[in-house]
Every structure is written in structure tokens, then in C-alpha cells.
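# Structural overview
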Amino acid sequence: MMYNSFDNIRLSQLGMGAMRLPQTEPGFAKPIDEPMATELIDYCISHGINYFDTAYIYHMGQSEVFLGKTLKQYPRDSFYIADKFNVQAEPDYEKQFAQQLERLQMNRIDFYLLHGVTDKLISDYLDHGAPTYFREQKRAGKIRYFGFSFHGSPDALRQMLARGPWDFVQIQLNYYDWFHGTAREQYEILWEHHIPIMVMEPVHGGMLADPPEASRDLLLAASPNVTAASWAFRFLRTLPGIAVVLSGMSELDQVKDNIQTFSDNKRLSEEEISLVRQISDVIHGLYAVTCTGCRYCCADCPQQMDIPFLLAAYNEYKTGGEKSLSSWRLARLGALPEGKRPTACIGCGQCTNHCPQALDIPAYMQEMAELI
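In this report, the structure presented in the accompanying data block is examined. Quick caveat, the model's predicted, so the values are computed rather than measured. Chains are numbered independently. Their residues run from 1 in the order of the written sequence. Where local features are concerned, this predicted model is filtered to residues with pLDDT of at least 70; where side-chain atom pairs are given and counted, the filter is 80 or more; whole-chain, interface and lining totals use all residues. Here the side-chain values reflect all heavy atoms present in the structure, with hydrogen atoms and water set aside.

Another aspect to go through is the pattern of salt bridges. Every case where a carboxyl oxygen of Asp or Glu lies within 4 Å of a side-chain nitrogen of Lys or Arg is listed as a salt bridge. The tally for this structure, following the rule as stated, stands at 17 salt bridges. The closest approach of N and O atoms between Asp 127 and Arg 163, which form a salt bridge, is 2.8 Å. Separated by 36 residues along the polypeptide, Asp 127 in the loop between helix H4 (122-126) and helix H5 (130-139) and Arg 163 in the loop between helix H6 (154-162) and strand S8 (168-172) bring together distant segments of the chain. Ionic pairing is found between Asp 167 and Lys 138, a salt bridge with its closest N-O pair at 2.7 Å. A residue pair is termed long-range when its members are at least 10 positions apart, and Asp 167 in the loop between H6 and S8 and Lys 138 in helix H5 qualify at 29 residues. Type-normalised accessible area, obtained with a 1.4 Å probe on protein chains alone, sets the label of each residue: buried when under 20%, exposed when over 50%, and partly exposed for intermediate values. Taking relative accessible area as the criterion, Asp 167 reaches 22% and is therefore assigned partly exposed. In this structure, a network of salt bridges that share partners links the residues Arg 76, Asp 77, Arg 108 and Asp 110. By definition, any uninterrupted DSSP run of H or I lasting at least four residues is a helix, any uninterrupted run of E lasting at least two residues is a strand, and each is numbered from the N terminus.

Moving on, we get to the pairing of strand S1 (residues 3-6). Where S1 lies against strand S2 (residues 9-12), 4 bridges are found, and the strand directions are antiparallel. In the strand pairing of S2, Tyr 3 is matched with Ser 12. As consecutive antiparallel partners, S1 and S2 are separated by 2 residues, and within that stretch Asp 7 has a phi angle of approximately 55°, a positive value. By this definition, two strands are paired if DSSP reports at least two bridges between them.

Take a look at the structure:
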């Protein structure tokens, strides 16, 4: 495992994200498969990963509980835990922080973040006492480093930085968002301010780990023995200033492949960067909705719809050509219970309020409802 220096500590370049832990069965809010998830954590630690990222809302709060129980068997100074305050889930920051320490069974959180800051949420996070309180907890030793995770515009990022100081910032960064989003501008803003970067969504919710067939063939032709996910991670290696790259690993094979990638400092050449830019162009032309499958949209949906599943069907329909209803891409939605189909969407907008990508989800649901 390769490491980066952060302040006076060493962080594994690869971090374990605990948002997509294995579950006992597929679907929203299903229990964590604890034996399988424990195997992943143990393998990570035995192979040098020392950074574990969770949040108040991951797995309906059970991610924190699981990590606390699993990591308790290891010396506290052998790993670093990152956790987040989510103002939409529980505005009382003192109550939420106390509950997180209890769930984790820890007396400190190493890296603490304001969670999922967007343009609309800046005031909610900054103007009601939360940063002052968390900086007090830092002085008291209950937080080691304080930062925020960000899903807003470059202008909003500048606003956040002006309200610092911040020890680090976590952004969505991958080669698709670099060439077809604002990731490059956000990275350059943080680099200019000398702020260490934690990377989330390095494979864009799995899209770059399992790209469309045309893109996959290009990668295999260039490097037959290198996985698509490894290409995405190696792209990030070309960017200085990144402290940790998080991966939401849910299978042991993913863990092994990612650890292999981070066992050396190989990065993409200029020719290879040109290739991933070509691939991002192909993907951009295919995907109608760049959903990362984070499931933030699901918790407050009054209909309890599996929105990422529905958006995946929408993408399949669009990429396969706009065919008739008999197309399997949309026909399979007819097998869902009536209250879980796109027709059940009431257009309340709760999903969009929570979506880090700011997707107009009700509009997609309405389009699918009309097609069905």
C-alpha cells in the first residue's frame, strides 16, 4: 500500500468508503451482511488501508454502528475514521455528534466533515453555529481535522473556503467529471488554496468501473490485464494534492483489485489520458442520467421508491434506443408493485433536494410514467 503524508501522519492512498457495504439482500435499507463486511474490513487493514469513511445516514445509521464494532478489535491509533454531520438528517449538531461517538464507540473522530454541502445548503451549514461547535470539539480533542464534503458549484466552493479555516475538503473527482463536469475547476481552486483533497466517487458510482462495451474494448486493447477501475484510479495519480481516494467497496474482488492498483505509484501517460478523455466522451454521449447510486434520494421519499434502480432502467432505455413499451428496458418495471413504479412519484422534490448531482428526478419519473 502506498501512503501520503497528511500533517504529521501517514494516510493510505486508498480509503475504504462504508456507504456501499455488502447487504444480506439487494434493495434499499436492507441489513448489512456483517460477516462479509467484516471480511472486507479485515482484509483492508491487513493490506495497509488505514482510512475508513462513514456518515450519519449511511445504511440508515448502521454503517457507523458496524464500523465501531468491527474496528474496536484494532488499536485505536492504527486507523483513522472519517464521519460527517448531515444537517438535513438531524439539524441539532450537538445531538448528532454525540450519537455518532456513541455509535462508533470512540472518544474522537479523526476527520470530521460537514456532509454534502451544496449551493442551497451553505447557510444551513454555516449560519447556525455548527462550524463553531465542531471547532470547539477539535480544540477539545474530540475531532482531529475538520473539513467538508462538497457537491456544489465552483462559486459555492469559493464561498465555503472564505468561511474557513478548513483542514481538508472532499470532492467528487474522476476522469468523467474532469472532462464533462466542474471537477477540474474545483480541484484547481483547492490546489490554489493549498487544501488537501479527499476524493469520493473516483469511478462515478461504478460507471467507470463497468463502462459501456465500446469504452471497455478500448481499455482492454490498450492494457488487457488492467481493470477499468484501475484506469480511473491511475488517472487520479496524475493530480498532486490528493491525500486519500475513497472507494465504496462491497466485494472482496473489488478490494483486492484496488489494493493491487495502490501497491505502486503507476499513473497514466499523456497518451493514456487522451484515451480516457475519449472514453469519457463516449460515455457522455450514452448516459442520459449520471446517477452514482448513492441512494441519498431514497431516505425521505414518501413513496419509498428505489430511485437508483428506476434511473438505471431509464438509462438502459435511452442507451438502447427509444423503442416501444415492449422493450425489456422499461417492461421490467411492470413487475414492480404498483406503488414502486415511476407512476407512483408525486413530484414532491424531496429526492432532488438530497441529490448530490442535483438531478431533476421527478422529471425523469414523469417521463417514464408517460412511457409506461
